[in-house]
Amino acid sequence: MALGAIAGGCDCFFGYPITPQNEVPEILSVQMPRRGRVFLQAESEVASINMVYGAAAAGMRAMTSSSSPGVSLMMEGLSYIAGAQLPCLVVNVMRGGPGLGSITPSQGDYFQACKGGGHGDYHCIVLAPWNVQEMYEMPGLAFELADRYRCPAMILADGVLGAMMEPARIPDEPPVATPPPKPWATSGRNGRATQNVVNSLVIDPYELRDHNRDLQKTYQRMQSEVRHDARFDDDAEIVVVAYGIAARLALSACKLARERGVRAGLVRPITLYPFPAQAIREVGKQAGRVLVVELSSGQMVEDVRLAIDGAVPVAFYGEMGGVLPSPEEVCEQIVREVR
Amino acid sequence: MECVFQRPRSLSDKPMHYCPGCMHGTYHRLVAEMVDEFDLLGRTVGICPVGCAVFGYEYFEFDMIEASHGRAPAVATGVKRCLPDRFVFTYQGDGDLASIGMAETVHAAARGENITVFFVNNGIFGMTGGQMAPTSLLGQRTTTSREGRDARTAGYPIKICELLSSLEGVAYLARVALTSPKNINTCRKYMRKAVRAQLDNAGFALVEALSPCPVQWGMKPGDALAYIEDTVVKTYPPGEFVDRVK
């Protein structure tokens, strides 16, 4: 993740220690200054996200990384960033909640990430990696999308991915990131004819309505960035929908189910916002039944049910509190749904 | 004919929204004078707060960022760390800086961030309607301390300059009462040093301006200025607290 951020053109990182993501700031504390880039350990997550706000306003590719309780603290700042139409990257390596919860993996922050989280009508682009390769690749993609739509992007990982070791292909010389020009940045006028202002305060209700309409248009345009991954979906009689580490479990479970004669397929959303509703609808309807697997009490399942819109049955299987179901347990669920 | 007095180039011509007798307008002008004097219009980034100065970006000609409540020093840190050759300042009231933003204030000072803070202390939450602030005087009547601030339940006024003066990251700290032409000239002198501190990369600099809020204090503007000179300065003595500027 840290190396991916560097390759993705991250100019500055601001963060506060929290488990299970401390490797990211630890690596960046060494690697960023070596490249003449900024690393700063902030006094809190509240300060981190506001440092990101300032740096993003100044036209930088700015990033912070945290885990669930810390990300909760960032929600006000994220709302300001969305309101002020600034690009940035926030990483959430999710852990069990609510409250202090645990440091074990969870997917309990889906609603927070995808439905706003902070106050007001806004969205972040939300990307969900499922292996170390994607942990490396996604920061660059996130920066690119954030710059394109001038909105915050979030990478929603979990405690397993945060602690996982596995092979990944990292190019010796990654392509140099080329951020677009940012004529709106508050980096000093330096000869520009008029001042730039970065702001989310729009006191006139009609102007604020128009500003919100503009934001909503951006979210509509963003729908074209939807990404998903499908496995064994051509002949599936049941399709499992899962993201992140739950999708890894689900893929293993699909293979086990096929050994037992049940044709299970997988659809894995790579973007959680925008949500791959159309792909899920098509594959789900073709299969005739859907099972959603999450490490939560059932959050993404609501979006899957909206996508399916009652066309076929949608069942849910989840675990909470950092408990990981085994592929065998998920396979049992798949078989039970079909028979 | 020679022009001896005019609007600073860095100050816009928009009519300000401040109440009669408020000194925000004067303090804004002084900030603009500093930017002009040091020829910084092209490389200044200002951060305005939540509070009465929330529309501060309307009144200046340089680039500005509107921060969330209390977080201006963190926002300024984000800008300054990435663009160290810019002049980055925050403009904050006492509710913003000394209440909700205390952590950001103290840590920016402790890190010795090369930023300049123009702090306005009127001892009350002005914009939200006159509630008690951490800086309200003991016995001060506000809409949330109707019988006067009582130390037994509401604690004691926070003296920002005294509080920050122990931190090694601080390059310059001064307090002045914005009550007379003479004091305004003193304020200019202090602000000049606070700007110089940043240009010299000497560390964190803050100027605290004691300022009246006649509307929320329930006083006539003239009486409010006299009240600062007679009463407020007893809790908040003016002067320079730290001066490591050469």
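The preceding data block contains the structure.
All values reported here derive from a predicted model rather than from experimental measurement.

Would you mind showing me how to read the overall build of chain B here?
Broken down by element type, chain B carries nine helices and nine strands. Computed over its C-alpha atoms, the radius of gyration of chain B comes to 17 Å, within 12% of the 18 Å expected for a compact globule of 246 residues. Principal-axis analysis of the C-alpha atoms places the extent of chain B at approximately 50 × 50 × 30 Å. A total of 246 residues make up chain B; the buried ones form 55% of that total. Across chain B, the fraction of contacts at a sequence separation of at least 24, relative to all contacts at a separation of at least 6, is 67%.

Please explain the sheet that holds strand S5 (residues 125–127) of chain A as it appears in this structure.
Within a sheet, adjacent strands bond to each other through the backbone by hydrogen bonds, running parallel or antiparallel. All names here are of chain A. Taken together, the seven strands give an open sheet; going across it, the order is S2-S1-S3-S4-S6-S5-S11, and neighbouring strands pair in mixed fashion. Either end of the sheet is taken by a strand with one partner, and the two such strands are strand S2 (38–41) and strand S11 (271–273). Going from strand to strand, the sheet's axes swing by 20° on average, the running direction of each strand aside. Direction of pairing for strand S1 (residues 12–15) relative to strand S3 (residues 62–66): parallel, over a ladder of two bridges. Looking at the pairing, Phe13 lines up with Met63 of S3. Packed onto the sheet, helix H7 (residues 132–149) meets strand S4 (88–94), S5 and strand S6 (152–158) and runs at close to 155° relative to S6.

Just checking my understanding: could you explain the interface of chain A and chain B for this structure?
In many analyses, interface size is given as the accessible surface area lost on bringing the parts together. Between chain A and chain B, the contact holds 35 residues from the first and 29 residues from the second. It is helix H3 (residues 45–57) of chain A that contributes the most residues to the side of chain A that touches chain B, nine residues altogether. Of the residues contributing to the side of chain A that touches chain B, the split by class is 18 nonpolar, 13 polar and four charged. As defined by bridge partners, strand S7 (residues 197–198) of chain A adjoins strand S2 (residues 63–66) of chain B across two bridges and the pair is classed as parallel. Bridged to Val197(A) within S2(B) is Met64(B).

Can you walk me through helix H9 (residues 221–235) of chain B in this structure?
Every α-helical turn comprises 3.6 residues, leaving residues that sit three or four positions apart pointing alike. Residues and elements named next belong to chain B. With 15 residues, H9 extends 20 Å from end C-alpha to end C-alpha; this agrees with the ideal 21 Å at 1.5 Å per step. Most pronounced at Ile228, the bend in H9 amounts to some 45°. Inspection of H9 places Ala224, Leu225, Ile228 and Val232 among the buried residues, and these make up the whole buried set. On its buried side, H9 packs onto strand S7 (170–177), strand S8 (204–210) and helix H8 (214–217).

What am I meant to see in the sheet that holds strand S13 (residues 314–318) of chain A here?
Residues and elements named next belong to chain A. In spatial order, the strands read S8-S10-S9-S12-S13; together these five strands make up an open sheet with mixed pairing. Two strands close off the open sheet at either side, each with one partner strand: strand S8 (228–231) and S13. On average, each strand axis in the sheet is tilted by 20° relative to the strand beside it, whichever way the strands run. Pairing analysis gives four bridges linking strand S9 (residues 238–241) to strand S10 (residues 264–269), with the strands arranged parallel. Its bridge partner being in S10, Val241 is matched across the sheet by Val267. Strands in contact with helix H12 (residues 300–308) are S9, strand S12 (290–294) and S13; relative to S12, the strand with the most contacts, it is inclined by about 160°.

Cut-offs applied
Residues numbered from 1 in each chain as written. Chains lettered and ligands numbered in written order. Predicted model: local features only at pLDDT ≥ 70, side-chain atom pairs only at ≥ 80, totals over all residues. Helix = DSSP H or I, 4+ residues; strand = E, 2+ residues; numbered from the N terminus. Rg over C-alpha atoms; globule rule 2.2 N^0.38 Å. Buried ≥ 20, exposed ≤ 12 C-beta atoms within 10 Å, placed from the backbone. Contact = placed C-beta atoms within 7 Å. Pairing = 2+ DSSP bridges. Axes fitted to C-alpha atoms, helices over the stretch in contact; angles between N-to-C directions. Nonpolar A, V, L, I, M, F, W, Y, C, P; charged D, E, K, R; others polar. Expected span 1.5 Å × (residues − 1). Bend = angle between axes of the 7 residues up to and from the residue.

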